[in-house]
Amino acid sequence: MITLRSKLDVADNSGARKVSFIGVLGRKGKKHAIVGDVITGSVKEAIPNSPIKKGEVVRAVVVRTHFPVKRKDGLVVKFDRNACVVIDKQNNPRATRVFGPVVRELRSKFSKILSLAPEAI
């Protein structure tokens, strides 16, 4: 669960390094996000000469959270840090690579992100 103004690592090579959570798209009035939610975020850190600049507002998908994700089979998945992947308006990733594992809950809606990731947990 990610609350307002939380800082997330960016788990792709889009050029952004840290994103601050602003809000959840599609969940009016909600102040927290879970894995698989599309969020808006402000870029706090970016690498030089990248297409994404510091201060830009971007859309992203939460791919890892420190808060445990409980599955129907009883398995609980928890990561060390919160992370997201920057996407465009058609829900396609703006990057060509995704770093680190992502959860399998993204399979139904974000299959492109899942195919770019090295591991699905």
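Reading the values: rules and limits
In this numbering scheme, every chain counts its residues from 1 along its sequence in written order. Only residues with pLDDT of at least 70 are given local features in this predicted model, and only at 80 or more are side-chain atom pairs given and counted; all residues enter the totals for whole chains, interfaces and linings. Calculation of side-chain values draws on the structure's entire complement of heavy atoms; hydrogens and water are dropped beforehand. Under the DSSP-based scheme used, a helix requires at least four consecutive residues in state H or I and a strand at least two consecutive residues in state E, with every element numbered from the N terminus. Radius of gyration here is computed from C-alpha atoms only, and the compact-globule reference equals 2.2 Å multiplied by the residue count raised to the power 0.38. For every residue, the accessible area obtained with a 1.4 Å probe (protein chains only) is divided by the maximum for its type, and the residue is called buried under 20%, exposed over 50%, and partly exposed between those limits. The contact definition used throughout considers only heavy atoms, calling two residues in contact when any of these lie within 4.5 Å. The convention is simple: Lys and Arg are positive, Asp and Glu are negative, and His and the chain ends are not counted. In plain terms, the charge of a residue is placed at NZ if it is Lys, CZ if Arg, CG if Asp and CD if Glu. What we call a nonpolar core is a set of buried Ala, Val, Leu, Ile, Met, Phe, Trp, Tyr and Cys residues that are connected through their side-chain atoms within 4.5 Å. Salt bridge, as used here, is a side-chain nitrogen of Lys or Arg placed within 4 Å of a carboxyl oxygen of Asp or Glu. For patches, a residue must show more than 30% relative accessible area and have no salt bridge; joins then use 9 Å for like charges and 5 Å for nonpolar side chains, namely Val, Leu, Ile, Met, Phe, Trp and Tyr. Accessible surface is estimated by sampling points in the Shrake-Rupley manner with a 1.4 Å probe; for residues, cover comes only from the protein chains shown.

Chemist: Describe the overall build of the protein, naming the residues involved and giving the relevant values.
Modeler: Secondary structure summary: the protein contains 1 helix and 9 strands in total. Overall, the protein shows an N-to-C arrangement of helices and strands of β-β-β-β-β-β-β-β-β-α. On C-alpha atoms alone, the protein measures out to a radius of gyration of 13 Å, which is about the 14 Å that the 2.2 N^0.38 rule sets for 121 residues. Reported as C-alpha extents along the three principal axes, the dimensions of the protein are approximately 45 × 30 × 25 Å. Each of the 121 residues in the protein was classed as buried or not, and the buried ones make up 44%. The contacts in the protein between residues at least 6 apart in sequence include a share of 46% that link residues at least 24 apart. Side-chain charges in the protein split into 25 positive and 10 negative, and the spacing between the mean points of these groups amounts to 6 Å.

Chemist: Summarise unusual backbone geometry; cite the residues concerned and give the values.
Modeler: With a phi close to 70°, Arg 5 is a non-glycine residue in the positive phi region. Within the secondary structure, Arg 5 sits in the loop between strand 1 (2-3) and strand 2 (7-10). The phi torsion at Asn 49 lies on the positive side, around 60°, for a residue other than glycine. With respect to the helices and strands, the residue Asn 49 is situated in the loop between strand 5 (38-46) and strand 6 (57-64). For Asn 49, a relative accessible area of 80% translates into the label exposed.

Chemist: Account for the nonpolar core, naming residues and giving values.
Modeler: If you look at the biggest cluster of nonpolar residues, it comprises 19 residues, and the most contacted ones within it are Val 61, Val 63, Val 102, Leu 106, Phe 110 and Ile 113. Within the residue set of this core, elements represented by two or more residues are strand 6, strand 9 (83-87) and helix 1 (111-116). If you tally residues by element for this core, the top one is strand 9, at 3 residues. Core analysis: the second largest hydrophobic core is formed by 16 residues, Leu 8, Val 19, Val 24 and Ile 52 among them.

Chemist: Go over the pattern of salt bridges, please, and point to the residues and values.
Modeler: Taken as a whole, this structure holds 4 salt bridges when the rule is applied. Among the ionic pairs, Asp 9 bridges to Lys 18, the shortest N-O distance being 2.8 Å. By relative accessible area, Asp 9 is classed as buried at 19%. Two residues, Arg 81 and Asp 9, come together in a salt bridge whose shortest N-O distance is 2.6 Å. Remark: Asp 9 occurs in strand 2 and Arg 81 occurs in the loop between strand 8 (76-77) and strand 9; sequence separation between them is 72 residues. Bridged by salt links that share partners, the residues Asp 9, Lys 18 and Arg 81 form one connected network.

Chemist: I'd like a description of a nonpolar patch on the surface, backed by residues and values.
Modeler: A contiguous nonpolar surface patch, about 270 Å² in accessible area, is contributed by Met 1, Ile 34 and Phe 67. Here Ile 34 lies in the loop between strand 4 (32-33) and strand 5. Exposure remark for Ile 34: the relative accessible area of 39% places this residue in the partly exposed category.

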